[in-house]
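Structural characterization, general
Read off the chains here:
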Amino acid sequence: MLKIMAVNAGSSSLKFKLFQMPGEEVITEGIVERIGAEDAYYTIVVNGDKIKKVLPVKNHSVAVRLLLDDLVEREIVRDLSEINGVGHRIVQGGSYFPDSVLIDEDVIAKIDELAAIAPLHNHAHLIGIKAFIEALPEVPNVAVFDTSFHQTMNEETYMYAIPFEWYEKYKIRKYGAHGTSHKYVAMKAAEIVGRPIEELKIVTCHLGNGASIAAVKGGKCVDTSMGLTPLEGIPMGTRSGNIDPAIVGFISEAENLTASEIVEILNKKSGYLGVSGVSNDSRDLEACMAENKRCKLALDIQTKRIADYIGSYYVLLEGIDIIVFTAGIGENSSRCRRDVLKRLKVLGVEIDEEANTRQREIVEITTKNSKIRAFVIPTNEELMIARDTVRIAGLCAK
Ligand code: AMP
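The present account deals with the structure reproduced in this document. (Residues numbered from 1 in each chain as written. Predicted model: local features only at pLDDT ≥ 70, side-chain atom pairs only at ≥ 80, totals over all residues. Heavy atoms only, no water.)

**Quick word on the sheet that holds strand S9 (residues 201-207)**
Quick reminder of the rule: Strands were regarded as paired on the criterion that DSSP finds at least two bridges between them. Runs of E in the DSSP output that reach at least two residues are strands. Runs of H or I that reach at least four are helices, and both are numbered from the N terminus. Note on contacts: a residue pair is in contact if any heavy atoms of the two residues lie within 4.5 Å. With axes taken as lines fitted to C-alpha atoms, and helix axes fitted only over the stretch in contact, angles between N-to-C directions fall between 0 and 180 degrees.
Pairing is mixed in the open sheet, where six strands are placed in the order S11-S10-S9-S12-S14-S13. In this open sheet, the two edge strands, each paired with only one partner strand, are strand S11 (220-224) and strand S13 (363-364). Of the strands in this sheet, S9, strand S12 (322-326) and strand S14 (373-376) touch helix H13 (residues 334-343), which is tilted by about 155° from S12.

**Considerations on the site of the ligand**
Cut-off, in case you're wondering: By convention in this text, a residue qualifies as near a molecule or strand provided that one of its non-hydrogen atoms is within 4 Å of it. As used in this structure description, the phrase polar contact means that two N or O atoms lie within 3.5 Å; if the pair is within protein, one of them must be able to donate a hydrogen and the other to accept it, and residues adjacent in sequence are counted only when both atoms belong to side chains. In this description, accessible areas are obtained by the Shrake-Rupley approach with a 1.4 Å probe, and a residue is regarded as covered only by the protein chains that are shown.
Neighbouring the ligand are the residues Gly208, Asn209, Asp281, Ser282, Arg283, Glu286, Ala327, Gly328, Ile329, Asn332 and Ser333. Backbone polar atom of Asn209 to an oxygen atom of the ligand: 2.9 Å apart, as the coordinates give it. Here an oxygen atom of the ligand and a side-chain polar atom of Asp281 are 2.9 Å apart. Coverage of the ligand by the protein amounts to 71% of the 500 Å² it exposes when considered alone.

**Overview of the pattern of salt bridges**
Short version of the rule: Here a salt bridge means any side-chain nitrogen of Lys or Arg lying within 4 Å of a carboxyl oxygen belonging to Asp or Glu. Exposure classes here rest on a 1.4 Å probe applied to the protein chains alone. A residue is buried below 20% of its type maximum, exposed above 50%, and partly exposed in between.
Per the counting criterion, the structure on display carries 27 salt bridges. Here Arg195 ties to Glu199 by a salt bridge, and the two come within 3.4 Å at their closest N and O atoms. According to the relative accessible area criterion, Glu199 is partly exposed, its value standing at 46%. Overlapping salt bridges bring together Lys3, Arg78 and Glu82 as one network.

**Some details on the nonpolar core**
Put simply, the rule is: Among buried residues, those of type Ala, Val, Leu, Ile, Met, Phe, Trp, Tyr and Cys that are joined through side-chain atoms within 4.5 Å constitute a nonpolar core.
Formed by 40 residues in total, the largest nonpolar core has its most connected members in Leu207, Ile310, Ile323, Phe325, Leu341 and Leu344. Looking at this core, the elements with two or more residues in it are S9, strand S10 (211-217), helix H10 (282-288), helix H11 (293-317), S12, H13 and S14. Looking at this core, the element that brings in the most residues is H11, giving nine residues. Other than its neighbours up to four places away in sequence, Ile310 contacts Val203, Cys205, Ile320, Ile323, Val340 and Leu344. By size, the runner-up hydrophobic cluster in this structure holds 32 residues, among which are Tyr158, Ala190, Ile197 and Ile377.

**Considerations on the packing of helix H7 (residues 246-255) against helix H8 (residues 259-268)**
This is how the line gets drawn: Here the angle decides the label: under 35 degrees means roughly parallel, over 145 means roughly antiparallel, 65 to 115 means roughly perpendicular, and every other value means oblique. Should the near helix be turned anticlockwise from the far one by less than a right angle, the crossing is termed left-handed; should it be turned clockwise, right-handed.
Closest axis-to-axis distance for the H7/H8 pair is 10 Å, and the angle between their directions is 115°. Viewed along their axes, H7 and H8 adopt a mutual orientation that is roughly perpendicular. Crossing of H7 against H8: the hand is right-handed. Along the contact surface, H7 presents Val248, Ile251 and Ser252, while H8 presents Ala259, Ile262 and Leu266.

**What to know about the packing of aromatic side chains**
Formally: Note on aromatic pairs: the rings of Phe, Tyr and Trp (six-membered ring only in Trp) are paired at centre separations within 6.5 Å, and the planes decide the class, stacked below 30 degrees, edge-to-face beyond 60, tilted for the rest. Working rule: Lys NZ or Arg CZ, within 6 Å of ring centre, within 35 degrees of ring normal, means a charge sits over the ring.
Here the structure, examined in full by the defined rule, presents four aromatic pairs. Site record: aromatic cluster; members linked through ring pairs are Tyr96, Phe97 and Phe145. The cationic tip of Arg34 hangs over the ring face of Tyr41; the distance from NZ or CZ to the ring centre is 5.1 Å. The ring of Tyr158 has Arg173 lying over it, and the distance from NZ or CZ to the ring centre is 3.7 Å.

**Focus on the environment of Ile4**
Tracing the backbone shows Ile4 in strand S1 (residues 2-9). Its relative accessible area of 0% is what places Ile4 among the buried residues. When the C-alpha positions of Ile4 and Arg283 are compared, they lie 34 Å apart, and in sequence the two are 279 residues distant. Sequence-distant contacts of Ile4, defined by excluding residues within four places in its chain, comprise Lys17, Leu18, Phe19, Met21, Asn84, Gly85, Ala386, Thr389, Val390 and Leu395.

**A few points about the side chain of Ser240**
Turning to its location among the elements, Ser240 is positioned in the loop between S11 and H7. Ser240 sits in the buried class, given a relative accessible area of 11%. Excluding residues within four positions of it along the chain, Ser240 makes contact with Leu231, Pro235, Leu266, Ser270, Gly271 and Arg305.

**Digging into H11**
Worth spelling out the cut-off: What a helix should span is 1.5 Å times the count of its residues minus one.
Its 25 residues place the ends of H11 36 Å apart at the C-alpha level, agreeing with the 36 Å of an ideal helix rising 1.5 Å per residue. For H11, the set of buried residues is Cys295, Ala298, Leu299, Gln302, Thr303, Ile306, Ala307, Tyr309, Ile310, Tyr313 and Leu317.

**Quick look at the pairing of strand S6 (residues 83-90)**
Extensive coverage of S6 is indicated by the burial of seven of its eight residues. In terms of strand pairing, S1 meets S6 through five bridges, oriented parallel. Bridge pairing in S6 links Val7 to His88.

**Focus: a nonpolar patch on the surface**
Definition in use: Two joining distances apply to patches: 9 Å for like charges and 5 Å for nonpolar side chains (Val, Leu, Ile, Met, Phe, Trp, Tyr), and every residue must have over 30% relative accessible area and no salt bridge.
Together, Ile162, Trp166 and Tyr170 line one region of the surface with nonpolar side chains, adding up to about 310 Å² of accessible area. Within the element layout of this structure, Tyr170 appears in helix H5 (residues 164-170).

**Regarding the packing of H11 against H13**
Heads up, the condition is: Three categories are distinguished: nonpolar for Ala, Val, Leu, Ile, Met, Phe, Trp, Tyr, Cys and Pro, charged for Asp, Glu, Lys and Arg, and polar for the others, with Gly belonging to the last.
It is at 9 Å that the axes of H11 and H13 come closest, and there the two elements cross at 50°. Comparing the axis directions of H11 and H13 gives the class oblique. H13 is crossed by H11, and the crossing has right-handed handedness. Contact residues: Leu299, Asp300, Gln302, Thr303, Lys304, Ile306, Ala307 and Ile310 in H11; Arg335, Cys336, Asp339, Val340 and Arg343 in H13. Partitioning the contact of H11 with H13 into residue classes produces six nonpolar, two polar and five charged.

Structural data, given as structure tokens:
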């Protein structure tokens, strides 16, 4: 049996999930938050109980040490040599990584280089990687990129109609994001309908605080809504999604702001929050949509734009067999799913209202007569990271 750690390192946090493979059971999971603070939070789930501690955690190395020591102390592992591999979620892999990869000096240098287009994420991932290499020098580390699944997009899809030199000089093109999630739910959907993924046309809607949609043909991504950065595509909690780029120039002059200040607003103060003025959380907007017009408007913009993408992917894929809803909103908001599917009536989509409100893990939410089947499928990016770590590091259970 193998023990594989899936890690997601952010600028001030480190999320972890320890899996038993190949059985795919979760042994434990948790998070270190507010890394760098005197009062950081450490949370670990042991036998279903959440244990929380407040303590100083100076940096990511201290966070990794804290976590590993705790695993031994709680006898979750007898000693650290029981951990066979560590898989790291990496947001931006550029064009370099069409698949997950064993981490070495060259991979580290490329992740660092790509921080130019994903500064917040890639730098934090590298700190996490280095902390694990330091703590577990004998253990293979695997990088699993959010962008890899989207590397099958063709040139006419990933290129922007901008001066070609920007692509040559700065590698500006569409890379997409959430690829690990899109791949997982597309594979799961094929498994559920009992057909080879090679035969299927699937649209996957990852609707969380960040949100993106992907068109998957024969198991390969052919288009996705996020672009060079996660700002492109559908509106999200605080991100605008697509806008007329000339707005940046206009607001720059009108409000005397720099381009990067405006991009910050488009990332952090726009989307559902910007339109509603109330919240970035669609639960809050749903709670007040009856009496607050701007809350309702934010949610209407959300479902319209999602339906727009699905419609355009219907054309691109020459039909759709399956639509999948996943992530926080996709898995939990029956209102969002209903509104989106109703807008797709012209494509022959027929929602099963009762099934759509059922609180179950995996559920089909269209009727038998529907021309497109729709499912709610919980995503599991950490499991994909653990699977890839086993595959790429060539690990075999003893
Ligand atoms: P994620 O990024 O996948 O963790 O999703 C987080 C988001 O899911 C939150 O910001 C919420 O807006 C949304 N969410 C979670 N539960 C619900 C719910 N019951 N209804 C609507 N939105 C929800």
